There are 2 protein chains.
Amino acid sequence: MNVISTRAMELVSKHKPTLEKAVEAANARGYWSLYPEHLKPYGETAKDDGMAAFKAHLGKPFEIDVPGASGTVGAEESPFGIEMGITYPKPDIDEVLKAAQAAMPDWRRAVPEVRASVCAEILERLNKRTPEMIFAVMHTTGQAFMMAFQAGGPHAQDRGLEAVTYGYMAMTQVPEGEVIWEKPQGKNPPLVMKKHWRVAPRGVAVTIGCSTFPTWNGYPGLFASLVTGNPVVVKPHPGAVLPLAITVKIAREVLAEAGFDPNLVTLAADDHNAPIAKELCTRPEVKVIDFTGSTAFGNWLEDNCRQAQVYTEKAGVNFVVIESTDDFKGMIRNMSFTLSLYTGQMCTTTQNIFVPKGGIETDQGHKSFDEVAEALAKGVEKFLSDDARAVEVLGAIQNPATAERIKEAEKMGQVILESRPIDHPYLKGARVHTPAMLVLEKDRAADYCKECFGPVSFVIACDDGADCIETAKRTVREHGAITAGLYSTSRDLVEQAEEACLDAQVALSVNLTGGVFVNQTAAFSDFHATGGNPAANAALVDLAFVANRFRFVGVREPA
Amino acid sequence: MNVISTRAMELVSKHKPTLEKAVEAANARGYWSLYPEHLKPYGETAKDDGMAAFKAHLGKPFEIDVPGASGTVGAEESPFGIEMGITYPKPDIDEVLKAAQAAMPDWRRAVPEVRASVCAEILERLNKRTPEMIFAVMHTTGQAFMMAFQAGGPHAQDRGLEAVTYGYMAMTQVPEGEVIWEKPQGKNPPLVMKKHWRVAPRGVAVTIGCSTFPTWNGYPGLFASLVTGNPVVVKPHPGAVLPLAITVKIAREVLAEAGFDPNLVTLAADDHNAPIAKELCTRPEVKVIDFTGSTAFGNWLEDNCRQAQVYTEKAGVNFVVIESTDDFKGMIRNMSFTLSLYTGQMCTTTQNIFVPKGGIETDQGHKSFDEVAEALAKGVEKFLSDDARAVEVLGAIQNPATAERIKEAEKMGQVILESRPIDHPYLKGARVHTPAMLVLEKDRAADYCKECFGPVSFVIACDDGADCIETAKRTVREHGAITAGLYSTSRDLVEQAEEACLDAQVALSVNLTGGVFVNQTAAFSDFHATGGNPAANAALVDLAFVANRFRFVGVREPA
């Protein structure tokens with residue numbers, strides 16, 4: 001019954017040490033990463049090879065088998081201004097779902113270790129293709145080279161492996177083999193049963209990609225569903241198809257090599273002319289959905305796809321409270337990077353900066369509210385003063401609407417840092433803008449409680465540190481947040497903030513002045529989002545993210 | 001900040017070995033039970049003491065502090081016909097929720113081990129009060145003495161401890177103390193952060209009790225929510241308040257002794273004149289709901305309490321397929337007990353018995369379909385032929401509507417076993433009826449695909465064994481089931497059934513002919529329901545049942 005291919009068994013042996021280390025890391029939560037985040041290990045010519053592989057996709061139909069496909073879709077536009085012209089097979093939803101369902105029984109029959117090992121092999125193969133992925137991510141999301149490499153490659157792969165690991169842990173919480181249950185009956189012979197438990201995947205899973213982090217935000221759901229036995233239909237954002245198309249193609253190759261049906265992972269691409277997400281996600285066959293994107297569509301999925309487990313990451317209003325610091329310079333430097341990175345297009349970028357109206361104590365003496373605000377604005381300005389260096393941090397703006405939003409936002413209050421366009425030195429036509437910063441009154445909650453996606457931040461005066469925390473907490477409880485920061489030299493205030501963050505269920509970073517930033521998290525250590533406020537209903541990656549993607553079916557029989 | 005009372009620390013030491021054993025048992029899933037299921041350990045005079053303690057409640061207001069209470073509710077009626085006349089304080093929902101919320105921060109601050117130990121102490125105290133609980137359960141649910149003892153006492157306590165154990169496991173998946181995260185930076189000094197994670201409970205939890213198994217079905221949700229830091233409001237079924245009122249009172253005593261706010265567990269009783277469940281469960285403060293009961297109300301909760309994690313156990317159509325057997329007598333005996341126990345009022349009782357129309361092969365030779373049906377009917381009849389013995393298995397019928405339903409059901413098809421009332425030998429006025437059994441045509445799915453709650457079973461002829469399995473699978477996918485059984489001597493058919501049960505996500509019991517019954521599960525070994533078909537959206541108790549009742553909030557700071 002369990003006919004596992006030789007290749008699959010090889011993968012089990014090959015990835016066993018990795019899985020063991022990964023489980024250890026997930027339980028220890030110190031630093032651990034499997035995939036290198038510096039270029040060297042990818043080869044001397046990695047960059048050129050990656051560029052060449054990427055260019056080979058341009059202006060062509062992407063070759064991939066899609067069940068029932070006829071015609072093409074595809075209208076990606078590079079935020080860096082190059083011509084894309086890639087098309088993808090247009091899927092037939094009926095056929096895709098049928099193929100996915102047909103692929104499931106054999107995959108379900110494979111034990112967790114086999115599925116986890118096949119997933120680890122997919123990730124290893126993805127890791128090898130990182131150089132190509134860099135440019136695929138860059139030219140769909142607008143991320144600058146280094147970020148497209150790290151976040152689109154190894155860090156996304158780490159998150160994928162984390163999902164595999166947690167799925168494996170949750171499935172193996174129950175013994176894989178037969179268990180003898182023996183219940184004493186006093187002087188009578190005991191009752192003896194043999195029992196085993198099978199992992200029953202929920203059914204077809206859908207992963208809906210986002211336009212800014214197609215791999216980083218896509219891999220956790222994809223791999224969590226796949227490792228727990230569900231076939232996965234990948235529906236990329238129409239603006240960022242290529243990174244997930246490459247991913248799906250690699251996954252299919254590895255699955256087929258291991259003796260499984262490649263239709264366990266299928267690509268269902270669409271474009272803005274004929275979106276398919278609603279039709280796909282409301283199908284009764286679909287039992288799991290992972291989504292990253294707008295609050296509006298996330299809520300729609302939660303409301304309308306009640307047949308499925310729906311995991312959403314939506315908008316939020318991330319905050320930092322600046323109450324005091326013993327490293328004013330380090331704080332400004334750290335915040336400047338956070339506010340600039342990828343032009344504030346991270347779901348983790350700080351939007352609201354709460355500062356006591358009476359100013360703050362620092363290692364440079366007292367700073368008034370205005371001085372703090374000005375230092376923040378000047379910090380960003382200075383950090384981005386050199387265009388050539390700036391574009392490597394900012395990248396480009398993914399969506400023209402985001403660029404439009406900056407101008408609108410600048411009408412909201414007192415602008416202390418004006419956004420300016422930058423001509424990219426070597427990618428003409430790139431949509432590059434620097435961040436804007438405004439001072440807003442505390443009573444302008446209607447403005448700062450909306451996510452203003454993109455490079456806009458607000459500095460908001462509150463009564464004092466405690467009021468900063470209370471105000472921030474309220475915004476998060478009502479409108480959500482993925483990240484929270486605090487600068488304070490007072491342990492009491494740190495504790496207050498910690499309690500507030502427990503109430504608001506948001507992770508807290510304290511006194512970041514060095515090389516760790518509030519908008520970055522490390523797989524196997526930091527959770528991304530908590531799942532406990534309106535910004536997301538799940539965390540990447542914890543047991544809750546994986547444990548409900550399958551059910552245990554017990555089988556018992558007298559021994 | 002973490003001021004834990006001496007008493008709480010004593011409880012940690014006291015229950016540490018239990019927790020360790022429980023975690024081991026949950027991972028091993030062999031036989032393990034902490035609370036004795038025979039009467040002896042409860043004392044020579046347990047039965048009399050229990051009766052006396054129970055009688056002391058009758059005709060009086062139940063003494064318990066309920067925030068903002070004014071007036072009384074209470075209209076329990078014993079299915080065994082005795083006068084109850086117990087009243088309970090009528091809660092003020094605003095005040096109950098306010099008190100629950102106020103109690104949370106200190107409880108949240110206690111580490112998982114403290115909370116788990118306090119919960120274990122509550123369970124130990126409940127165990128000591130088992131004799132009293134027997135009669136409280138008996139005279140609200142109609143369970144006969146032995147079942148009220150085992151299912152209402154130790155087995156319920158086992159399930160409660162299982163919930164505590166899984167909650168503890170899920171919370172401690174992440175280290176409790178500080179973790180140093182050190183990321184190498186090539187030739188530069190490493191990035192070093194200190195991190196810790198706090199368990200952030202969701203908020204106020206509500207446990208809605210059912211009328212048939214108030215403790216067994218109530219404890220998992222109650223303890224899963226409590227151990228993960230949530231205050232719990234217990235809303236018993238109006239017909240079965242006393243068992244949960246006693247439970248809440250004991251929980252409050254233990255919490256107060258350990259230095260915590262007793263309002264972490266509150267009683268919100270109501271009666272049929274003024275039901276409060278809808279108002280309570282739709283309150284925004286309520287973040288977790290556990291419910292056992294009707295499909296209609298379960299669905300209502302799922303649809304209308306979107307602010308909360310909702311765990312429901314609803315109706316289903318449990319089945320047994322009889323395809324062949326090498327112990328015909330044992331099978332009939334086993335099924336007779338299953339169909340009789342507690343007059344079929346278990347959510348796990350078999351309703352649909354699928355048999356090939358051509359009959360089956362047995363150790364007694366070939367049996368035609370009619371012979372099998374007749375043997376089942378005669379088996380039950382014989383098993384219940386002695387009234388004095390019968391009432392100790394049947395108990396009484398909790399709800400008069402269930403008794404009415406029997407007469408209605410008997411009009412549906414060919415009655416092969418007619419239900420008859422029994423005069424209880426020593427509890428006059430007890431509502432005792434024996435089960436009915438009918439033969440239904442396979443095309444009468446409209447009848448057998450509805451749960452006919454109570455002592456009615458249908459024997460249904462299918463083409464052959466495979467058709468039995470396919471038909472049963474379809475009923476479960478569409479209408480849900482908590483239990484499935486198969487009698488077959490063919491390993492191929494057992495495998496077919498196993499695959500079908502994976503599709504339908506229902507646990508399977510094979511060839512039960514001895515002292516284990518399809519409608520009984522053992523904590524720490526068998527899951528109750530899978531959470532994967534319409535009968536329930538959660539299993540008792542797995543990681544999925546606990547992991548989303550809290551969120552992890554990470555706090556990180558440069559080391």
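Computed from a predicted model, the values in this text were never measured in an experiment.

Student: How do you make sense of the overall build of chain A when you look at a structure like this?
Tutor: Assigned secondary structure in chain A consists of 19 helices and 21 strands. A compact globule built from 559 residues should have a C-alpha radius of gyration of about 24 Å, and chain A, at 25 Å, falls within 12% of that. Its C-alpha atoms put chain A at 80 × 70 × 45 Å along the principal axes. Within the span of chain A, comprising 559 residues, buried residues form 64% of the whole. For chain A, restricting intrachain contacts to residue pairs at least 6 apart in sequence, the fraction spanning at least 24 positions comes to 76%. When the accessible surface of chain A is totalled, it reaches about 19300 Å², and 50% of it is carbon and sulfur. Side chains of chain A give 55 positive and 70 negative charges; the mean places of these two sets differ by 6 Å.

Student: Hey, could you run me through the relation of the copies chain B and chain A in this one?
Tutor: One copy of the chain maps onto the other through a rotation about an axis followed by a shift along the same axis. Mapping chain B onto chain A calls for a rotation angle of 180 degrees and an axial translation of 0.0 Å; the resulting RMSD is 0.0 Å. On this basis, the relationship between the two copies can be described by a two-fold rotation axis. No C-alpha of chain B lies nearer the rotation axis than that of Ala-544 of chain B, which sits 3.1 Å from it. Of the interface residues in chain B, 100% have counterparts in chain A that sit at the interface too, so the contact is made through matching surfaces.

Student: Mind showing me how you'd approach the sheet that holds strand 14 (residues 414–417) of chain B here?
Tutor: Neighbouring strands of a sheet are bound in pairs by backbone hydrogen bonds; such pairs are parallel or else antiparallel. Spatially, ten strands are ordered 3(A)-4(A)-21(A)-20(B)-19(B)-10(B)-11(B)-18(B)-17(B)-14(B) in an open sheet, and the strand pairing comes out mixed. Taken across any chain shown, the strands that pair with only one partner, and hence form the sheet edges, are strand 3 (179–185) of chain A together with strand 14 of chain B. Averaged over all pairs of adjacent strands, the angle between their axes in this sheet comes to 25 degrees, without regard to strand direction. As defined by bridge partners, strand 14 of chain B adjoins strand 17 (residues 436–440) of chain B across three bridges and the pair is classed as antiparallel. The residue of strand 17 of chain B that forms the bridge with Leu-417 of chain B is Met-437 of chain B.

Student: Looking at this structure, I do not really get the sheet that holds strand 7 (residues 265–267) of chain B. What am I missing?
Tutor: Residues and elements named next belong to chain B. If you walk across this open sheet you meet the five strands as 7-6-5-8-9, and the pairing is parallel. In this open sheet, the two strands that pair with only one neighbour each are strand 7 and strand 9 (309–313). Along the sheet, successive strands turn relative to each other by an average axial angle of 15 degrees, direction set aside. Of the strands in this sheet, strand 5 (204–208), strand 6 (232–235), strand 7 and strand 8 (286–292) touch helix 3 (residues 93–109), which is tilted by about 125 degrees from strand 5.

Student: I keep staring at the UniProt feature "domain: Aldehyde dehydrogenase" (unreviewed entry) in chain A and nothing clicks. Help me out?
Tutor: The sites that UniProt annotates as "domain: Aldehyde dehydrogenase" (unreviewed entry) are residues 91–499 of chain A. Between the C-alpha atoms that bound residues 91–499 of chain A there is a distance of 49 Å. The span itself is 45% helix and 21% strand.

Student: Just checking my understanding: could you explain the packing of helix 4 (residues 112–128) of chain B against helix 5 (residues 130–141) of chain B for this structure?
Tutor: Two numbers describe a pair of packed helices, the interaxial angle and the distance between the axes. Residues and elements named next belong to chain B. Interhelical geometry of helix 4 versus helix 5 gives an angle of 75 degrees and a closest axis separation of 5 Å. Considering their axes alone, helix 4 and helix 5 lie roughly perpendicular with respect to each other. Every residue of helix 5 that contacts helix 4 at Leu-126, Asn-127 and Lys-128 is listed here: Thr-130, Pro-131 and Met-133. Here the residues of the contact of helix 4 with helix 5 sort into three nonpolar, two polar and one charged.

Student: What should I look at first to understand the pattern of salt bridges in this one?
Tutor: A side chain with one charge may pair with a side chain of the opposite charge, provided their charged atoms come close. Tallied over the full model, the rule gives 74 salt bridges over all chains. Where Asp-463 of chain A meets Lys-357 of chain A, a salt bridge forms, and the shortest distance between an N and an O atom there is 3.3 Å. Here the residue Asp-463 of chain A occupies a position in the loop between strand 18 (456–462) and helix 17 (465–479), and Lys-357 of chain A occupies one in the loop between strand 11 (352–356) and strand 12 (360–362), the gap between them amounting to 106 residues. On the basis of relative accessible area, Lys-357 of chain A is assigned to the exposed category, the value being 54%. Notably, a salt bridge pairs Glu-285 of chain B with Arg-283 of chain B, separated by 2.9 Å at the nearest N-O pair. Arg-283 of chain B gets classed as buried once you look at its relative accessible area, which sits at 17%. A network of salt bridges, in which partner residues are shared, links Asp-106, Arg-108, Arg-109 and Arg-198 of chain A together with Glu-470, Lys-473, Glu-498, Glu-499 and Asp-503 of chain B.

Student: Just to check I follow, could you spell out the state of the cysteines for this structure?
Tutor: Covalent bonding between the sulfur atoms of two cysteines is what defines a disulfide. Residue and element names in this part refer to chain B. Taken as a whole, this structure holds zero disulfides over all chains when the rule is applied. Cys-281 forms no disulfide, and the closest cysteine sulfur to it belongs to Cys-305, at a distance of 5.2 Å. Owing to a relative accessible area of 1%, Cys-305 belongs among the buried residues under this scheme.

Student: Could you clarify how one ought to interpret the interface of chain B and chain A in this entry?
Tutor: How big an interface is tends to be expressed through the accessible area that disappears when the partners come together. Contact residues are listed per partner, giving 78 residues for chain B and 78 residues for chain A. Contact between chain B and chain A buries roughly 6500 Å² in total, counting both sides, with carbon and sulfur atoms accounting for 50%. Together, Gln-173, Arg-551 and Arg-556 of chain B form the three largest contributors to the area buried by chain B at its contact with chain A, with a combined 12%. For the pair chain B and chain A, the number of links is 22 salt bridges. The tally of links between chain B and chain A comes to 54 residue pairs in polar contact (both at pLDDT 80 or more). Broken down by element, the side of chain B that touches chain A gets its largest block of residues, nine residues, from strand 4 (residues 188–201) of chain B. For the side of chain B that touches chain A, the class distribution of residues is 40 nonpolar, 16 polar and 22 charged. Sheet topology places strand 21 (residues 550–558) of chain A next to strand 20 (residues 507–510) of chain B; two bridges connect them, and they run parallel. Bridging from a neighbouring strand, Val-555 of chain A pairs with Leu-508 of chain B of strand 20 of chain B.

What counts, and at which threshold
- Residues numbered from 1 in each chain as written.
- Chains lettered and ligands numbered in written order.
- Predicted model: local features only at pLDDT ≥ 70, side-chain atom pairs only at ≥ 80, totals over all residues.
- Heavy atoms only, no water.
- Helix = DSSP H or I, 4+ residues; strand = E, 2+ residues; numbered from the N terminus.
- Rg over C-alpha atoms; globule rule 2.2 N^0.38 Å.
- Buried < 20%, exposed > 50% of the residue type's maximum accessible area, 1.4 Å probe, protein only.
- Contact = heavy atoms within 4.5 Å.
- Areas by Shrake-Rupley, 256 points an atom, 1.4 Å probe, with all protein chains shown as cover.
- Lys, Arg positive; Asp, Glu negative; His and termini not counted.
- Charge placed at Lys NZ, Arg CZ, Asp CG, Glu CD.
- Least-squares fit on C-alpha atoms with pLDDT ≥ 70 in both.
- Pairing = 2+ DSSP bridges.
- Axes fitted to C-alpha atoms, helices over the stretch in contact; angles between N-to-C directions.
- UniProt positions renumbered as here; feature names shortened; annotations may be inferred.
- Parallel < 35°, antiparallel > 145°, perpendicular 65-115°, else oblique.
- Nonpolar A, V, L, I, M, F, W, Y, C, P; charged D, E, K, R; others polar.
- Salt bridge = Lys/Arg side-chain N within 4 Å of Asp/Glu carboxyl O.
- Disulfide = S-S within 2.5 Å.
- Buried area = accessible area lost by both parts, 1.4 Å probe.
- Polar contact = N/O pair within 3.5 Å; in protein donor to acceptor, adjacent residues only side chain to side chain.

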